Amino acid sequence: MQTMRPEPMPPIEGLTPYQPGKPIEELARELGLDPRRIVKLASNENPLGPSPKAMAAITQGWAEIARYPDGNGFALKQKLAAKLSVKMAQITLGNGSNDVLDLIARVFLGPGRSAVFAEHAFAVYPIATQAVGARARVAPAHDGSCGPRFGHDLEAMLAQVADDTAVVFIANPNNPTGTWVSREALWGFLKAVPGRVIVVVDEAYCEYVEAEDYPNALAWLEEFPNLIVTRTFSKAYGLAGLRVGYAVSSPEVAELLNRVRQPFNVNRLALLAAEAALDDEAHLEASRVLNRAGLAQLAEGFRALGLDFIPSLGNFIAVDVGREAGPVFAALLKKGVIVRPVANYGLPNHLRVSVGTPEENARFLAALEEVLAGA
Ligand code: PMP
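Each chain carries its own residue numbering, running from 1 in the direction its sequence is written. Given that this is a predicted model, residues contribute local features only at a pLDDT of at least 70 and side-chain atom pairs are listed and counted only at 80 or more, while totals for whole chains, interfaces and linings are drawn from all residues. Only heavy atoms go into the side-chain values, all of them from the structure, while hydrogens and water stay out.

1. With respect to the sheet that holds strand β9 (residues 308-310)
In this analysis, strands are considered paired if DSSP registers two or more bridges between them. In DSSP terms, a helix is any run of H or I states spanning at least four residues, a strand is any run of E spanning at least two, and both are numbered starting from the N terminus. If you walk across this open sheet you meet the four strands as β9-β10-β13-β12, and the pairing is antiparallel. Every interior strand has two partners, whereas the edge strands, β9 and β12 (340-341), have only one. In this structure, β9 lies alongside strand β10 (residues 316-320), joined through three bridges in antiparallel fashion. Within β10, the position partnered with D308 by the bridge is D320. Relative to the sheet, helix α12 (residues 325-334) contacts β12 and β13 (350-354), its axis offset from that of β13 by approximately 40°. We call two residues in contact whenever any of their non-hydrogen atoms come within 4.5 Å of each other. Only the stretch in contact is used when a helix axis is fitted, and all axes are lines through C-alpha atoms; the angle between N-to-C directions ranges over 0 to 180 degrees.

Okay, here's the thing in structure tokens:
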């Protein structure tokens, strides 16, 4: 009889998987609820859904799915390059931007190297770092005295950069805090960090951002060959279910990422939908307008309940429920409302809620009021 169990590589032994937002179907199954009565504000998805142009492209492309996609994503890269004023050779497509973050870790990190990121930063950074056997160096977040509370403190991050540091991850804005780093702070950081260190600026939510001091990191790619900007079609473009994101970098870095990329990492329908989505500025603008109103609606609701929240530039907002948030999350589930507990991000009293339609936001606020009142 075999007694030995299969042994993972050492870094995998202590790895905790990413905890996604609870799927609607799962809660419906567990509570015997009608899925149509469930409100999910847990994964920063676009409540408007994708552009109708993307939907039409998927419908048309459907007939060809027996064929592999274009492994180089020529048409999408061409369109992105024109839109972003970069060369096609600077773009790496991913199965979501998560895939690109993984590629970066596989190319630049491993045993004997470290990655720097901030306290409360997006959970994929520690996972991608640990999975390849690299060490995480975590910089404390701003305490509120000289920068947005809970936000990345770039000076503290710079102080964490050591001889073994190969990658720095900066989420701008960050998930789950919604906090951002200013143009001046990011510029200063890029100037100060050694050129051998890859700086990833993760702009998953950039299309939503409305802040004067928000940097256009793409404009700095020429000056900093160690800079990688990552973006996604999952958020403002409403294509989370299809999985498509990208990195923009120097052509040399893109060539390195391409060495470890799966040959057909972005599927045929995702490529078509992303391409079509880029043509629909009106849908993007409608998504921004809805988000702006939703952030205001949620902020107002939180103020009315006497709750503190973290000002956010994303399509989500983290609210301090004034007590351990886990039981509040669980009570909301029973009312058919899914949000996201963020204790695993070092924020045990916060819940992160994605901006939904006005009706969804209102339903969440009403349920939260009832739960906090003990109903
Ligand atoms: N970066 C940040 C900051 C995110 O919040 C997310 C999604 N949760 C991602 C990257 C990855 O998104 P996707 O893989 O869908 O592009």
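2. Quick look at the packing of helix α5 (residues 97-108) against helix α6 (residues 124-131)
Running from N to C, α5 and α6 cross one another at 35°; their axes reach a closest spacing of 9 Å. Between α5 and α6 the crossing geometry is right-handed. Judged by residue contacts, N98, L101, D102 and A105 of α5 engage V124, Y125 and A128 from α6. In this scheme the handedness of a crossing depends on how the near helix is turned from the far one: anticlockwise by less than a right angle means left-handed, clockwise means right-handed.

3. A few points about the environment of E155
Take E155: it is sitting in helix α7 (residues 154-160). We classify E155 as exposed; its relative accessible area is 69%. Through-space distance from the C-alpha of E155 to that of G314 is 23 Å; in sequence the pair is 159 residues apart. When a residue's accessible area, from a 1.4 Å probe over protein chains only, is under 20% of the maximum for its type it is buried; when over 50% it is exposed; and in between it is partly exposed.

4. Looking at the side chain of T177
With respect to the secondary-structure elements, T177 resides in the loop between β5 (165-171) and α8 (183-192). In this structure the side chain of T177 is engaged in a polar contact, spanning 3.0 Å, whose partner is the side chain of N174. Of note is the side chain of T177, whose polar atom sits 2.6 Å from the side chain of T179. T177 has contacts with H120, F150, I310, P311, S312, F316 and L347, leaving out every residue within four places of it along the chain. Any N or O atom pair separated by 3.5 Å or less is treated as a polar contact, with the protein-specific requirement of one donor-capable and one acceptor-capable atom, and with residues adjacent in sequence counted only for side-chain atom pairs.

5. Describing helix α3 (residues 52-61)
Along an α-helix, residues three or four apart share an orientation, since each turn contains 3.6 residues. Buried within α3 are the following residues: A54, A57, I58 and G61. Down the axis of α3, the buried set is contained in an arc of 100°. They therefore lie on one face. For α3, the exposed residues set more than 90 degrees away from the buried face come down to P52, T59 and Q60. Where the residues of α3 are buried, they touch α10 (268-277). In this structure S51 caps α3, since a side-chain oxygen of it lies 2.9 Å from the backbone nitrogen of K53. Here, the arc refers to the directions that run from the helix axis to the C-beta atoms.

6. Some points on the nonpolar core
Of all hydrophobic cores here, the largest spans 83 residues; its most connected members are V167 and F233. In contact with F233, not counting residues within four places along its chain, are L76, L80, G238, L239, A240, V244, G245, Y246, A274 and L278. Formed by 30 residues, the second largest nonpolar core is a distinct cluster that contains L27, A42, L333 and V337. Working definition of a nonpolar core: buried Ala, Val, Leu, Ile, Met, Phe, Trp, Tyr and Cys residues. They are joined through side-chain atoms within 4.5 Å.

7. Some points on the pattern of salt bridges
Between Lys or Arg on one side and Asp or Glu on the other, a salt bridge is scored when a side-chain nitrogen of the former is within 4 Å of a carboxyl oxygen of the latter. Counted according to the given criterion, the structure contains 15 salt bridges. Residues participating in the shared-partner salt-bridge network are K22, E26 and E30.

8. Some words on the domain arrangement of the protein
Interface size is commonly expressed as the accessible area that is lost once the parts come together. Domain assignment breaks the protein into domain 1 (19-49 + 282-374) and domain 2 (52-277). Its C-alpha centre places domain 1 at a distance of 25 Å from the equivalent point of domain 2. Listed by partner, the interface residues are 25 residues for domain 1 and 28 residues for domain 2. Buried area, as used here, totals the accessible surface that two parts lose on assembly, with accessibility defined by a 1.4 Å probe and the loss added over both. With both sides pooled, the region where domain 1 packs onto domain 2 buries about 2,100 Å², and carbon together with sulfur makes up 63% of that total. When the buried area of domain 1 at its contact with domain 2 is split by residue, L284, L313 and Y345 rank highest and sum to 34% of it. Taken together, the connections running from domain 1 to domain 2 amount to one salt bridge. A salt bridge links R292 to E210, with the nearest nitrogen and oxygen atoms 2.6 Å apart. At the surface where domain 1 touches domain 2, the tally comes to nine residue pairs in polar contact (both at pLDDT 80 or more). Counting residues per element, the ones that place at least two in the side of domain 1 that touches domain 2 are α11 (281-304), β10 and β13. At six residues, α11 tops the list of elements feeding residues into the side of domain 1 that touches domain 2. Per-class residue counts for the side of domain 1 that touches domain 2 are nine nonpolar, 12 polar and four charged. Residue ranges assigned to each domain were obtained from an automatic or database domain assignment. Charged residues are taken to be Asp, Glu, Lys and Arg, nonpolar residues to be Ala, Val, Leu, Ile, Met, Phe, Trp, Tyr, Cys and Pro, and polar residues to be all remaining types, Gly included.

9. A look at the site of the ligand
Here a residue is considered near a molecule or strand provided that any single heavy atom belonging to it is located within 4 Å of it. Near the ligand, the surroundings consist of 13 residues, among which N175, D202, Y205, T232 and S234 are the closest. In the environment of the ligand, an oxygen atom lies 2.6 Å from a nitrogen or oxygen atom belonging to the side chain of S234. R243 is positioned with one of its side-chain polar atoms (N or O) 2.7 Å from an oxygen atom of the ligand. Here, Shrake-Rupley sampling with a 1.4 Å probe gives the accessible areas, and only protein chains in the shown set may cover a residue. Compared with its free state, where it exposes 400 Å², the ligand has 93% of that area covered by protein. In terms of residue class, the shell around the ligand is built from four nonpolar, six polar and three charged.

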